[in-house]
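Residues per chain are reported as follows:
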Amino acid sequence: MPTSTELIATADAHSAHNYHPLPVVLSSAEGAWMTDVEGRRYLDLLAGYSALNFGHGHPRLTAAARAQLDRLTLTSRAFHHDRFADFCVRLARLCGMEAVLPMNTGAEAVETAVKTARKWGYRVKGVPDGRARIVVADGNFHGRTTTIVSFSTDEEARADYGPYTPGFTIVPYGDLAALAEAVDEDTVAVLLEPVQGEAGVLVPPPGYLAGVRELTRARNVLFIADEIQSGLGRTGRTFACEHEGVVPDVYVLGKALGGGIVPVSAVVSSRAVLGVFRPGEHGSTFGGNPLACAVALEVVAMLEEGDHQRRAAELGDHLHAELALLAGTGRVTGVRGRGLWAGVDVDPALGTGREISERLMAEGVLVKDTHGSTIRIAPPLVISKEDLDWGLDRLRDVLAA
Ligand SMILES: *Cc1c(COP(=O)(O)O)cnc(C)c1O
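Residues numbered from 1 in each chain as written. Predicted model: local features only at pLDDT ≥ 70, side-chain atom pairs only at ≥ 80, totals over all residues. Heavy atoms only, no water.

S.K.: What is the right way to look at the site of the ligand in this model?
M.R.: Lining the immediate environment of the ligand, one finds Thr105, Gly106, Ala107, Phe141, His142, Gly143, Glu193, Asp226, Ile228, Gln229 and Lys255. Residue composition of the shell around the ligand, by class: three nonpolar, five polar and three charged. (Near = heavy atom within 4 Å. Nonpolar A, V, L, I, M, F, W, Y, C, P; charged D, E, K, R; others polar.)

S.K.: Even after reading the chapter, I still don't get the pattern of salt bridges, so can you show me in this structure?
M.R.: Side chains that differ in charge, positive against negative, can pair when their charged atoms come close. Applying the stated criterion to the full structure yields 20 salt bridges. Two residues, Glu322 and Arg396, come together in a salt bridge whose shortest N-O distance is 3.4 Å. Residue Glu322 is found in helix α12 (residues 307–327), and its partner Arg396 is found in helix α14 (residues 385–400); the two are separated by 74 residues along the sequence. Through salt bridges with shared partners, a single ionic network connects Asp36, Glu38 and Arg40. (Salt bridge = Lys/Arg side-chain N within 4 Å of Asp/Glu carboxyl O. Helix = DSSP H or I, 4+ residues; strand = E, 2+ residues; numbered from the N terminus.)

S.K.: I would appreciate a short explanation of the environment of Pro205 in the present structure.
M.R.: In this fold, Pro205 is placed in the loop between β7 (187–192) and α9 (208–218). The exposure class of Pro205 is partly exposed, given its relative accessible area of 40%. Separated by 67 residues in the primary sequence, Pro205 and Ala272 have C-alpha atoms spaced 31 Å apart. (Buried < 20%, exposed > 50% of the residue type's maximum accessible area, 1.4 Å probe, protein only.)

S.K.: I tried to follow the side chain of Asp369 on my own but got confused; where do I start?
M.R.: Looking at where Asp369 falls in the secondary structure, it is placed in strand β14 (residues 368–370). For Asp369, a relative accessible area of 15% translates into the label buried. Non-local contacts of Asp369, meaning those with residues more than four positions away in its chain, are made with Gly353, Arg354, Ser357, Thr374, Ile375 and Arg376. (Contact = heavy atoms within 4.5 Å.)

S.K.: Explanation requested: the sheet that holds strand β1 (residues 26–30) in the structure shown.
M.R.: Two modes of strand pairing occur in sheets, parallel and antiparallel, and in both the strands are linked by backbone hydrogen bonds. Pairing in this open sheet of four strands is mixed, and the strands run β1-β2-β3-β13 from one edge to the other. The sheet is open, and its two borders are formed by β1 and β13 (365–366), each paired with just one other strand. Pairing analysis gives three bridges linking strand β2 (residues 33–36) to strand β3 (residues 41–44), with the strands arranged antiparallel. Residue pairing for β3: Trp33 is matched across the bridge by Leu43. (Pairing = 2+ DSSP bridges.)

S.K.: For this particular structure, what's the right way to read the side chain of Arg90?
M.R.: Counting through the fold element by element, Arg90 comes out in helix α4 (residues 84–95). A polar contact of 2.9 Å, which involves the side chain of Arg90, links it to the side chain of Glu304. Contacts of Arg90, omitting those with residues within four sequence positions, involve Leu297, Val300, Ala301 and Glu304. (Polar contact = N/O pair within 3.5 Å; in protein donor to acceptor, adjacent residues only side chain to side chain.)

The values are spatial; any link to function lies outside them.
As structure tokens, then:
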């Protein structure tokens, strides 16, 4: 068996360096715990950026995947398959919507939402051809495709990938007046994360999402909520929009929808909006495949029961109470978040986010830094209170050292 050091060196020599992983090589996992090739165990406080909301190897999800693997895995959308109808009905119902357009990755679903909004703008709203605009927020993260990075404000994500796709207006996140100013007769959609994940788990000011809802409705503009990271239980509700009693026109879902097993994403909306597509106008070879539908159906079934949302709310209250105490020590300069999801700004004097993450790793806790000295905490929703407390103790130790 090669050591983790050898495996990392080989991977470094033979892969593009578009990531800078922590120096750990994982080989198995269960629930909230992961094990590396040397047999060391780590508490997972990242949960695959919320793709693992239900933890590693959830028995209901692996059972659904295994059963489907032995029956039918791929048909392409050239034919119908027997899991598709149920998947669409149940996911649409979970969202309080009518129709589903399945894709695979989050970025593909965002691209699909952009195409949906533009087509709706031309066909339904009557925007002159080629003029459609979509308003987005400063600090957004919606994925990595060329169109999506065209409206990123993160230079690292955007630089050197031009020429950029036009048609996007960027406004400050959380600023309703700026948004109202930016919307004009050519605006087809406002695309937002209800909580900005990559930006450091930024929760918008109270009333913002409700204000966006009101404004978009009044101006005949689609409100597209990218709930790829904030949705499916993470914040203590099925969708983060629910915290303000808001239902957008379009949900964009991904990450946890695939149960941490397969990539599954979707655009979920009304029949009127998704009805703009006709055969041949959009598609994906793998989108809505039987294996994806089987796993996502089980994810939807689990969310229909509501236990994971309740758990995220309860444990989230506990997490935020503990982090508030830490913030009182002065070693933490800011804490934000909702539910089982937090951005923790560490005093830069204690080290960069990367350095803190490496020290936590040495203590048996896996997290990921974002933007300088911010640590993101997003454990699987199935984590026990004892394990969460143990992880928080390790964070306290690292910050005290
Ligand atoms: C992760 C993420 C995406 C992109 O998803 P991929 O599956 O990585 O393409 C888009 N939007 C948000 C809010 C995300 O967190």
